[in-house]
Amino acid sequence: MSGLPRTGRAVSLVALHAVSVRFGRTSVIEGVDMAIERGEIVTIVGPNGSGKSTLLRTLIGAQQPSRGHVSRESGLQIGYVPQRLQVDRTLPITVARFLALPRRHSREVLAGALQRAGVPSLAQRQMSALSGGQFQRVLLARALLASPDLLVLDEATQGLDQPGSAAFYRQIETVRDELGCAVLMVSHELHVVMSASDRVICLNGHVCCEGSPQTVSSAPAYRALFGTGTGGALALYRHEHDHEHDPAHAHANGSTHGHGHDHDHHRHDTARPDAESPR
């Protein structure tokens with residue numbers, strides 16, 4: 001993976017040091033230590049209400065910690081792809097014009113961003129005519145305009161189908177390799193992001209477990225959170241079960257790495273009716 005540095009020393013673009021965030025008497029995240037290094041793809045997973053969005057906001061500077069502190073590399077450039085963005089469907093605006101708001105960029109810069117996002121031919125397309133997948137690619141292009149050091153994606157494929165999500169995350173890997181940036185993702189799509197990540201952080205108000213996708217998926221804390229009662233995990237099991245006898249389908253979707261692993265993992269977990277998600 002060409003985007004990963006090989007200097008012998010990890011350089012943290014941003015790091016949280018014993019960070020806690022409280023709103024009134026309610027603790028949202030408590031004592032979080034984490035760092036994002038250049039060139040790696042990190043995914044944060046956790047149940048609803050686990051503090052994922054608060055952690056993102058704190059990391060990028062939109063939320064101040066109640067305790068602890070955040071350190072960032074000097075001049076850090078952050079690109080952000082939101083969960084959704086409302087655009088007036090009656091507004092006649094092309095993709096190129098949308099990307100030029102609020103700051104104009106050269107035609108070459110716009111074309112380069114769309115190329116990196118995997119949609120080089122959409123510049124003159126009306127925003128109202130885009131499919132859901134194309135719209136998210138345009139938001140990705142917008143985030144890439146400044147050649148970010150850190151690309152942040154907050155549930156960026158919500159509403160896309162499984163093949164669309166998988167294609168989007170493959171494009172993210174390509175972006176990382178080309179730019180050498182770090183990528184931080186928040187997602188409920190465990191079946192996709194686990195195979196696309198270098199490192200996974202499982203959050204439930206605090207860091208429950210952290211490591212490679214294989215390490216985290218076998219950790220007791222992760223299994224307790226996602227073993228039963230999680231719609232995404234159960235839907236994954238059913239999806240994988242429906243397609244497990246079609247190896248051509250798995251190969252065509254580029255998911256042979258995680259396909260069997262995820263199926264085995266969720267088959268085991270869904271057989272544990274006594275598992276409860278901690279609060």
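Scroll up a little and you will see the structure.
Because the structure is predicted, anything quoted here is derived from the model rather than measured.

Undergrad: What should I look at first to understand the sheet that holds strand β9 (residues 207-211) in this one?
TA: Pairing between sheet strands relies on hydrogen bonds along the backbone, with the strands arranged either parallel or antiparallel. Pairing is mixed across the open sheet formed by 6 strands, whose spatial order is β5-β6-β7-β3-β8-β9. The open sheet has two edge strands, β5 (78-81) and β9, and neither has a second partner. Adjacent strand axes in the sheet meet at a mean angle of 15° when their direction is disregarded. Inspection of the sheet shows strand β8 (residues 199-203) paired to β9 by 4 bridges, in the antiparallel sense.

Undergrad: Is there a simple way to explain the pattern of salt bridges in this structure?
TA: A side chain with one charge may pair with a side chain of the opposite charge, provided their charged atoms come close. Tallied over the full model, the rule gives 8 salt bridges. Across the pair R116 and E178 runs a salt bridge whose closest N-O atoms are separated by 3.3 Å. Placement of R116 in helix α3 (residues 107-116) and of E178 in helix α5 (residues 162-179) is noted, with a sequence separation of 62 residues between them. Given the relative accessible area of 29%, R116 is considered partly exposed. Put simply, R38, E73 and D149 are held in one network by salt bridges that share partners.

Undergrad: So what exactly am I meant to see when it comes to the pairing of β8 here?
TA: Look at any regular strand and the pattern is simple: side chains alternate between the two faces of the sheet. Burial of β8 is extensive: 5 of the 5 residues sit out of reach of the surface. Neither face of β8 is open: one carries R199, I201 and L203, the other V200 and C202, and all of them are buried. For strand β3 (residues 41-45) and β8, the ladder comprises 4 bridges, and the chain directions are parallel. When the sheet's bridge partners are listed, V45 is paired in β8 with C202. Linking two consecutive strands that pair antiparallel, namely β8 and β9, is a turn of 3 residues; a positive phi of about 85° is found at G205 within it.

Undergrad: Looking at this model, I keep getting lost on the sheet that holds strand β1 (residues 12-23). Mind explaining?
TA: The 3 strands lie next to each other as β2-β1-β4, forming an open sheet whose pairing is antiparallel. Each edge of the sheet is formed by a strand with only one pairing partner; in this case those strands are β2 (26-37) and β4 (67-72). Each adjacent strand pair in this sheet contributes to an overall mean axis angle of 15°, direction not counted. In terms of strand pairing, β1 meets β2 through 8 bridges, oriented antiparallel. Across the sheet, the residue bridging to V14 is I36, located in β2.

Undergrad: Any chance you could explain the state of the cysteines here in plain terms?
TA: By definition, a disulfide links the sulfur atoms of two cysteine residues through a covalent bond. Taken as a whole and judged by the stated rule, the model has 0 disulfides. The thiol of C208 is not disulfide-bonded; the next cysteine sulfur, from C202, is found 4.7 Å away. The exposure class assigned to C208 is partly exposed, which follows from its relative accessible area of 24%.

Undergrad: Help me out: how do you make sense of the packing of aromatic side chains in this one?
TA: Two numbers describe a pair of aromatic rings. These are the distance of the centres and the angle of the planes. Summed over all chains, the structure comprises 2 aromatic pairs. On the basis of an interplanar angle of 85° and a centroid distance of 5.9 Å, the ring pair of F168 and Y169 is categorised as edge-to-face. What makes F168 buried here is its relative accessible area of 1%. Here R142 stacks its cationic end above the ring of F98, 4.8 Å away from the centre of that ring.

Undergrad: Quick question: what am I supposed to make of the packing of helix α4 (residues 132-144) against α5 here?
TA: Helix-helix packing is characterised by the crossing angle of the two axes and by the distance between the axes. Contact geometry for α4 and α5: axes closest at 12 Å, N-to-C directions at 15°. In terms of their interaxial angle, α4 and α5 are classed as roughly parallel. In this structure, the crossing between α4 and α5 has a hand that is right-handed. Contacts between α4 and α5 pair Q136, R137, L140 and L144 from the former with A167, F168, Q171, I172, V175 and L179 from the latter. Class assignment of the residues belonging to the contact of α4 with α5 gives a composition of 7 nonpolar, 2 polar and 1 charged.

Rules behind the numbers
Residues numbered from 1 in each chain as written. Predicted model: local features only at pLDDT ≥ 70, side-chain atom pairs only at ≥ 80, totals over all residues. Heavy atoms only, no water. Pairing = 2+ DSSP bridges. Helix = DSSP H or I, 4+ residues; strand = E, 2+ residues; numbered from the N terminus. Axes fitted to C-alpha atoms, helices over the stretch in contact; angles between N-to-C directions. Salt bridge = Lys/Arg side-chain N within 4 Å of Asp/Glu carboxyl O. Buried < 20%, exposed > 50% of the residue type's maximum accessible area, 1.4 Å probe, protein only. Disulfide = S-S within 2.5 Å. Phe/Tyr/Trp six-rings, centres within 6.5 Å; stacked < 30°, edge-to-face > 60°. Lys NZ or Arg CZ within 6 Å of the ring centre and 35° of its normal. Parallel < 35°, antiparallel > 145°, perpendicular 65-115°, else oblique. Left-handed = near helix turned anticlockwise from the far one by under 90°. Contact = heavy atoms within 4.5 Å. Nonpolar A, V, L, I, M, F, W, Y, C, P; charged D, E, K, R; others polar.

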